[in-house]
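# Structural overview for review
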Amino acid sequence: MNTSTPAPTRASGPPGTSAGRALAPDLARGLMLLAIAFAHAPLFVTDVERGPSLANEIAAFFHMVFVNNHARPLFAFLFGYSLVQLLNRRLARGEQWVSARKLLRRRGWWLVAIGFAHVVLFVPIDILATYGLAAVLLVGLLRRSDRALLWTAGLVMVPATLMVGGAMGFPLSQGIPTFVKGSIATGGAGFGELLTGRLMGWPFTLAVGLLMVVPGVLIGMWAGRRGFLDEPARHRSFLTRAAVITTALSVAGSVPAGLIQAGWWTDASGAALWAASFAQPLTGYAGGIGMAAIVALVAIRAARGRGRLTTAVEALGQRSMSFYLFQSVAFVLVFYPYGLMLEDDLGLAHATAVGAATWLVSLLIADVMRRAGHRGPAEILLRRLAYRNRQDASGPR
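About the thresholds
- Residues numbered from 1 in each chain as written.
- Predicted model: local features only at pLDDT ≥ 70, side-chain atom pairs only at ≥ 80, totals over all residues.
- Heavy atoms only, no water.
- Helix = DSSP H or I, 4+ residues; strand = E, 2+ residues; numbered from the N terminus.
- Rg over C-alpha atoms; globule rule 2.2 N^0.38 Å.
- Buried < 20%, exposed > 50% of the residue type's maximum accessible area, 1.4 Å probe, protein only.
- Contact = heavy atoms within 4.5 Å.
- Expected span 1.5 Å × (residues − 1).
- Salt bridge = Lys/Arg side-chain N within 4 Å of Asp/Glu carboxyl O.
- pLDDT = per-residue confidence, 0-100.
- Patch = residues over 30% accessible without salt bridge, like charges linked within 9 Å, V, L, I, M, F, W, Y side chains within 5 Å.
- Areas by Shrake-Rupley, 256 points an atom, 1.4 Å probe, with all protein chains shown as cover.
- Core = buried A, V, L, I, M, F, W, Y, C linked by side-chain atoms within 4.5 Å.
- Phe/Tyr/Trp six-rings, centres within 6.5 Å; stacked < 30°, edge-to-face > 60°.

Here we come to the overall build of the protein. On a plain count of helices and strands, the protein comes out with 15 helices and 0 strands. What you see for the protein is a C-alpha radius of gyration of 20 Å, in line with the 21 Å of a compact globule of 397 residues. For the protein, the spread of C-alpha atoms along the three principal axes comes to 60 × 45 × 40 Å. Across the 397 residues in the protein, those meeting the buried criterion constitute 55%. In the protein, the proportion of contacts linking residues at least 24 apart, taken out of those at least 6 apart, comes to 83%.

The next subject is helix α12 (residues 320-335). In this model, α12 (16 residues) spans 22 Å end to end at C-alpha, consistent with the 22 Å of a helix rising 1.5 Å per residue. Most of α12 is tucked away: 13 of the 16 residues are buried.

This paragraph deals with the pattern of salt bridges. For side chains bearing opposite charge, pairing can occur when the charged atoms are close. Per the stated rule, a full pass over the model turns up 9 salt bridges. In this structure, Arg29 and Asp26 form a salt bridge, with 3.2 Å as the shortest nitrogen-oxygen distance. You can see Arg29 and its partner Asp26 sitting in helix α1 (residues 23-40), 3 residues apart, about one turn around the helix. Per residue, the accessibility class of Arg29 equals that of Asp26, and both read buried. For the salt bridge of Glu314 with Arg306, the shortest nitrogen-to-oxygen distance reads 2.7 Å. One network of salt bridges, in which partners are shared, links Arg21, Asp26 and Arg29.

Our next topic: the confidence of the model for the protein. In the predicted model, the protein carries a mean pLDDT of 90, and 93% of its residues have values of at least 70. The model gives residues 1-18 a pLDDT under 50, and that stretch makes 49 contacts with residues more than four places away or in other chains.

Glancing now at a nonpolar patch on the surface. Taken together, Leu54, Ile58 and Trp264 make up a surface patch of nonpolar side chains, about 320 Å² in accessible area. Take Leu54: it is sitting in helix α2 (residues 53-67).

In this structure, Leu142, Val217 and Met221 are the most contacted members of the largest nonpolar core, which totals 87 residues. In terms of residues, this core owes the most to one element, helix α3 (residues 71-92), which gives 12 residues. Ranked by size, the runner-up nonpolar core spans 23 residues in total, among them Leu43, Ala262, Val332 and Leu346.

The relative placement of two aromatic rings is captured by the distance of their centres and the angle of their planes. By the definition in use, this model includes 18 aromatic pairs. Measuring from ring centre to ring centre gives 5.7 Å for Tyr336 and Tyr338, while their planes differ by 90 degrees; the resulting arrangement is edge-to-face. Judged by its relative accessible area of 1%, Tyr336 falls in the buried class. Ring pairing ties together the aromatic residues Phe44, Phe331, Phe335, Tyr336 and Tyr338, which thus form one cluster.

This is the structure:
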């Protein structure tokens, strides 16, 4: 079985741009952070219905159709894709499979540790530990057949969909926005009380998160073997079909739940409500993959003449872990009592705007770091922890 990834076109650009990196994966990671900001910011407010009702309804529909259960599959897809890239780079340097596998698992364990620190210091929602554990458990499948990857992804998708659909259907059936059930607002609790709750709930959220991301990670591995994002021009026809089909499927599967969440479909029967609740996360996997395909197609054109926005988003994607953590810092400072204390003052629409503003600030900072030739601090830390020699730790990611 040939699992090699086609060599990407070498990148050239200003300081801070890594030569040899394909544009599409970094663009996707940069845009992924916007989806994550949209998904997480509303969880910090105590009352999502506060503020202009129409704006909140539109935001609720937007979240259900384009954000909820779409950001996570996109992140999972890109993470699985990156595992193949990392493996191929090690093997291309003459490293043996066993050694490369140990490195990937070591990186995974350090991601778990960084994710745990993230939960302790900042917020109870974390995806770094989830993906780290996924790397530890799934890296062995990098040597398995395509059929094994896709069958495993499909089988795990069933319980993951049932779990997420159930968690969505119960509040919707009671007329409660899903953001309320997922809220991480402090509610006036002190740091010690919040920390205790985080530590007690972390193992459960880690296990649940793992189940949710496994299908996307495995599909990302499958795509990484073919280099869809490394050489999008070569795969333009396939990417176009994939983008159209998966996006259409995702929108069709998410609109019913979006109408219910926004309060625009108030007389839905119980059967219709539960069908919508299960269809939304199931088709969300397709939506995440569709987002990656769309970005790959955009990258074909963007690579011909990189404008300032493309370069900035690329820089953000190259430092995605650092700016994922930056989002948590920003949201804590904006919403929590130790900062501006806005968790009781903003509703869904305003929280969404905070997410967008945080991403824009991230974009500006990432571009400044690119100009200065600085990597992201979290990326530097992970390399120093995971790699055992200085040359590896300072080489391209």
